[in-house]
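Below, each chain spelled out in residue letters.
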Amino acid sequence: MRGSPPEGVVDFVVARGPAPHRTAVLLIRQHASAEDLVQTALAEAWRAWGRIEGDRP
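Predicted model, so just to flag it, every value in this text is computed and none were measured. Residue positions are given per chain, counting from 1 as you read along its sequence in written order. Owing to the predicted nature of the model, reporting of local features is limited to residues with pLDDT of at least 70; listing and counting of side-chain atom pairs is limited to 80 or more, with chain, interface and lining totals taken over all residues. Neither water nor hydrogens contribute to the side-chain values; these are computed over all heavy atoms in the structure.

Enquirer: Pulling in residues and values, what's your account of unusual backbone geometry?
Expert: The phi torsion of most residues other than glycine is negative, and most of the peptide bonds are trans. One non-glycine residue, Arg29, lies in positive phi territory at about 60°. A run of DSSP states H or I qualifies as a helix once it reaches four residues; a run of E qualifies as a strand once it reaches two. Both are numbered from the N-terminal end. One can find Arg29 in the loop between helix H2 (18–28) and helix H3 (31–48).

What follows is the structure, encoded as structure tokens:
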């Protein structure tokens, strides 16, 4: 995942990143683990960004 992010990824993470984090904290009740979980999910989204359709992934 080196280099610059695909177009739209940064905007998506800034706009939508807090919601999955709150959900993860509620589900697993561990702040640090929730951050790790969301970071992993966002990294997978970055890799698959070209296959995500529409303007609202």
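Moving on from the coordinates now.
Enquirer: Describe the packing of H2 against H3, with residues and values.
Expert: Axes here mean lines fitted to C-alpha atoms, for a helix over just the part in contact, with angles spanning 0 to 180 degrees between N-to-C directions. Between H2 and H3, the shortest axis-to-axis distance is 8 Å and the interhelical angle comes to 130°. Of the possible angle classes, the one that applies to H2 and H3 is oblique. As for how H2 packs across H3, the hand of that crossing is right-handed. When H2 is examined against H3, the residues Pro20, His21, Ala24, Val25 and Ile28 are found in contact with a partner set consisting of His31, Ser33, Ala34, Glu35, Leu37 and Val38. Grouping the constituent residues of the contact of H2 with H3 by class yields 7 nonpolar, 3 polar and 1 charged. Here the word oblique covers every angle except those under 35 degrees (roughly parallel), over 145 (roughly antiparallel) and from 65 to 115 (roughly perpendicular). Should the near helix be turned anticlockwise from the far one by less than a right angle, the crossing is termed left-handed; should it be turned clockwise, right-handed. Residues count as neighbours in contact if any of their non-hydrogen atoms are within 4.5 Å of one another. Amino acids are sorted into nonpolar (Ala, Val, Leu, Ile, Met, Phe, Trp, Tyr, Cys and Pro), charged (Asp, Glu, Lys and Arg) and polar (every other residue, Gly among them).

Enquirer: Account for the packing of aromatic side chains, naming residues and giving values.
Expert: Under the pairing criterion, centres of Phe, Tyr and Trp rings, with the six-membered ring standing for Trp, must be within 6.5 Å; the plane angle then separates stacked pairs below 30 degrees from edge-to-face pairs above 60, leaving the rest tilted. Evaluated as defined, the whole model comprises 1 aromatic pair. Judged by centre distance (5.6 Å) and plane angle (55°), the rings of Phe12 and Trp49 are tilted. Of this pair, Phe12 sits in helix H1 (residues 9–16) while Trp49 sits in the segment after H3; the two residues are 37 residues apart in sequence, bridging distant segments of the chain. Here the two residues Phe12 and Trp49 agree in accessibility, since each one is buried. Partly exposed residues are those whose accessible area sits between 20% and 50% of the maximum for their type, while under 20% is buried and over 50% is exposed, using a 1.4 Å probe and protein chains only.

Enquirer: Lay out the packing of H1 against H2 with the relevant residues and their values.
Expert: Taken N-terminus to C-terminus, the directions of H1 and H2 make an angle of 50°; their axes are 5 Å apart at the nearest point. Taken as axis vectors, H1 and H2 run oblique relative to one another. Contacts between H1 and H2 involve Val13, Val14, Ala15 and Arg16 from the former and Pro18, Ala19 and Pro20 from the latter. A per-class count over the contact of H1 with H2 returns 6 nonpolar, no polar and 1 charged.

Enquirer: Summarise the pattern of salt bridges; cite the residues concerned and give the values.
Expert: A side chain of one charge can pair with a side chain of the opposite charge if their charged atoms are brought near each other. Just to be clear on terms, a salt bridge is a Lys or Arg side-chain nitrogen sitting within 4 Å of an Asp or Glu carboxyl oxygen. According to the stated counting rule, one finds 1 salt bridge in the structure shown. Where Glu44 meets Arg47, a salt bridge forms, and the shortest distance between an N and an O atom there is 2.5 Å. Separated by 3 residues within a single helix, Glu44 and Arg47 lie in helix H3, roughly one turn from each other.

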